[in-house]
Amino acid sequence: MTPEPSADAPAHAIETVFRIESPRIIAGVARIVRDVGIAEELAQDALVAALEQWPREGVPGNPGAWLMATAKHRAIDLVRRRERYARKLVEMGRDLEASAPHGHIDEPADPDDIDDDLLRLVFTACHPVLSAEARIALTLRLLGGLTTVEIARAYLVPEATVAQRIVRAKRTLAAKAVAFEVPYGPEREARLGSVLEVIYLIFNEGYAATAGDDLLRPALCEDALRLARVLAELMPKEPEVHGLAALLEIQASRSAARTGPSGEPVLLKDQQRSRWNRLLIRRGFAALARAEAVSTGGGPGPYVLQAAIAACHAHAYSYEETDWARIATLYGLLAARTPSPVVELNRAVAVSMAEGPGAGLAIVDALVDEPALRGYYLLPSVRGDLLVRLGRVGEARAEFERAASLTRNERERGLLLGRAEECG
């Protein structure tokens, strides 16, 4: 007998569609209203309209276009009600209204412009009037569609802190009348670091979701990868831009092999490398070569180093053939360039493979009291793995159970509890 659908099923489906489409909706509406805070409110208004109409009238054939059209119509109405936009309405009102249902607004082409609303949104949210932390939190919220909880876990800070940063960032952009526009020259370069970090974190959330029932969120990976490619074309002489593109291409190449038939996580050592996407790997190698070609000295930056680490994995035809000594060296360079307890934890894994689990455990044990890693599930997970390799299975079981209690991703929790069972 087929179970009856839950009463909450339509609302859940609508919210899922909205989460996928909201970055594009916010970006498209922001071009009209020139205020990211108002754009997010109008996108939310479109969600409310969908929650009212779709259960009654049915889901439209193209739900994303419906949400975009609804939000843009409301944006146009808002602009019309504001006298200060009167002149602009004379110039663009008809074009906007005609194009709104199709989710596209035509503008004159500019060879040095960023022809992508999502990328415009990144650069706008990364305006220097905001602190670095606020820029990243706001852009992850608007572009990545991440919740404050997910952003907090990505940065290992309290949820309330992230919420305050986002609210203050919107107020600051509005108070300073920051335009929704593309920066040029030195101003664009000044915002580049924040932009790269945002794209990197959006990809990471798609590659290993912090919460929910699925390990992967492919739409986020695709958006981040596309943005990295656009940025690489826009700024061809920036090695770190190519480094990020290379890193994401190579990481994305493993996606199909990272989950099993039921969506369960598959560890790197157990992945079928024949399922790795060789085209993406080749693209990653080419981007890494471009990064090295345009490097001007001073040593590789953090994204180039991470891409080089990813390339080591991609070059190996099996887990056993991986050049762990080189990876450990690269992590050492990365730790020197951008010191971080997370980088040090990754270095511990590489050192354990190159020099033995005891050497890796010594590094991990030095991180146990690190405040930033106190709620980070990968710390006890890595420690548990090293303890298993040392034969200390009782201690390992406790570490895996602790890691399972810390993660909010159901797939990761299942994997960790399974490893704890194996230690029994």
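Residues numbered from 1 in each chain as written. Predicted model: local features only at pLDDT ≥ 70, side-chain atom pairs only at ≥ 80, totals over all residues. Heavy atoms only, no water.

A. Quick peek at the overall build of the chain. Summing up its helical and strand segments, the chain has 19 helices and two strands in all. The buried share of the chain, reckoned over its 424 residues, is 48%. Put simply, of all contacts in the chain between residues at least 6 apart along the chain, 66% involve residues at least 24 apart. As displayed, the chain offers around 20,300 Å² of accessible surface, 52% of which is attributable to carbon and sulfur atoms. (Helix = DSSP H or I, 4+ residues; strand = E, 2+ residues; numbered from the N terminus. Buried < 20%, exposed > 50% of the residue type's maximum accessible area, 1.4 Å probe, protein only. Contact = heavy atoms within 4.5 Å. Areas by Shrake-Rupley, 256 points an atom, 1.4 Å probe, with all protein chains shown as cover.)

B. Quick peek at the nonpolar core. Among the nonpolar cores identified, the biggest contains 89 residues, and Val29, Val33, Leu138, Ile199, Leu231 and Leu248 are the most heavily contacted of them. Broken down by element, this core gets its largest block of residues, ten residues, from helix α9 (residues 185-207). Judged by nonpolar contacts, the second largest core, of 35 residues, contains Leu305, Tyr319, Ile327 and Leu379. (Core = buried A, V, L, I, M, F, W, Y, C linked by side-chain atoms within 4.5 Å.)

C. Inspection of the environment of glutamate 21 at higher detail. Here glutamate 21 is to be found in helix α1 (residues 9-33). When the C-alpha positions of glutamate 21 and methionine 68 are compared, they lie 8.3 Å apart, and in sequence the two are 47 residues distant.

D. Highlighting the pattern of salt bridges. The tally for this structure, following the rule as stated, stands at 21 salt bridges. In this structure, the salt-bridge partner of aspartate 385 is arginine 419, at a minimum N-O distance of 3.1 Å. Linking aspartate 385 in helix α17 (residues 378-389) with arginine 419 in helix α19 (residues 410-422), this pair joins segments that are 34 residues apart in sequence. The exposure class assigned to aspartate 385 is partly exposed, which follows from its relative accessible area of 23%. Since its relative accessible area comes to 15%, arginine 419 is described here as buried. Each of Arg24, Asp223 and Arg226 takes part in one network of salt bridges that share partners. (Salt bridge = Lys/Arg side-chain N within 4 Å of Asp/Glu carboxyl O.)

E. The arrangement of helix α13 (residues 302-315) in detail. Between its first and last C-alpha, α13 extends 20 Å over 14 residues, near the 20 Å set by a 1.5 Å rise per residue. The buried fraction of α13 amounts to 13 of the 14 residues, a majority that puts the element mostly inside the structure. (Expected span 1.5 Å × (residues − 1).)

F. Seen up close, the packing of aromatic side chains. Evaluation of the coordinates by the stated rule reveals five aromatic pairs. Here the aromatic rings of tyrosine 200 and tyrosine 303 are separated by 5.5 Å at their centres, their planes lie at 65°, and the arrangement is edge-to-face. Of this pair, tyrosine 200 sits in helix α9 while tyrosine 303 is found in helix α13, placing the two residues 103 residues apart along the sequence. Note on tyrosine 303: relative accessible area 10%, which makes it buried. Here the basic side chain of arginine 254 rests over the ring of tryptophan 276, its NZ or CZ set 5.5 Å away from the ring centre. (Phe/Tyr/Trp six-rings, centres within 6.5 Å; stacked < 30°, edge-to-face > 60°. Lys NZ or Arg CZ within 6 Å of the ring centre and 35° of its normal.)

G. Focus on α9. The first and last C-alpha atoms of α9 sit 32 Å apart over 23 residues, in line with the 33 Å expected at 1.5 Å per residue. In α9, a bend of some 45° at leucine 192 exceeds every other bend along the element. (Bend = angle between axes of the 7 residues up to and from the residue.)

H. Layout of the side chain of aspartate 35. Looking at where aspartate 35 falls in the secondary structure, it is placed in the loop between α1 and α2 (36-57). Here the side chain of aspartate 35 touches glycine 37 through a polar contact of 2.9 Å, landing on its backbone nitrogen. Ignoring any residue separated from it by four or fewer positions in sequence, one finds aspartate 35 in contact with Ala30 and Ala174. (Polar contact = N/O pair within 3.5 Å; in protein donor to acceptor, adjacent residues only side chain to side chain.)

I. Structural context of the side chain of asparagine 409. Among the secondary structure elements, asparagine 409 is positioned in strand β2 (residues 408-409). From its side chain, asparagine 409 meets the backbone oxygen of aspartate 214 in a polar contact 2.8 Å long. Those residues in contact with asparagine 409, other than ones at most four positions away along the chain, are Ala209, Thr210, Ala211, Gly212, Asp214 and Leu215.

J. Just the packing of helix α5 (residues 117-125) against α9, in detail. Where α5 contacts α9, the two axes come as close as 9 Å, and the packing angle between them is 100°. One element, α5, and the other, α9, form an angle in the roughly perpendicular class. For the pair α5 and α9, the contacting residues are Val122, Phe123 and Thr124 in the first and Arg188, Arg191 and Val195 in the second. When its residues are assigned to classes, the contact of α5 with α9 shows three nonpolar, one polar and two charged. (Axes fitted to C-alpha atoms, helices over the stretch in contact; angles between N-to-C directions. Parallel < 35°, antiparallel > 145°, perpendicular 65-115°, else oblique. Nonpolar A, V, L, I, M, F, W, Y, C, P; charged D, E, K, R; others polar.)

K. Spotlight on the environment of alanine 336. Here alanine 336 shows up in helix α14 (residues 324-337). Here the alpha-carbon distance between alanine 336 and proline 302, two residues 34 residues apart in the chain, equals 9.8 Å.

L. The arrangement of the environment of histidine 73 in detail. For histidine 73, the position within the fold is in helix α3 (residues 63-80). Look at histidine 73 and you get partly exposed, because its relative accessible area is 31%. Along the primary structure histidine 73 and leucine 42 are separated by 31 residues, whereas in three dimensions their C-alpha atoms are 9.6 Å apart.

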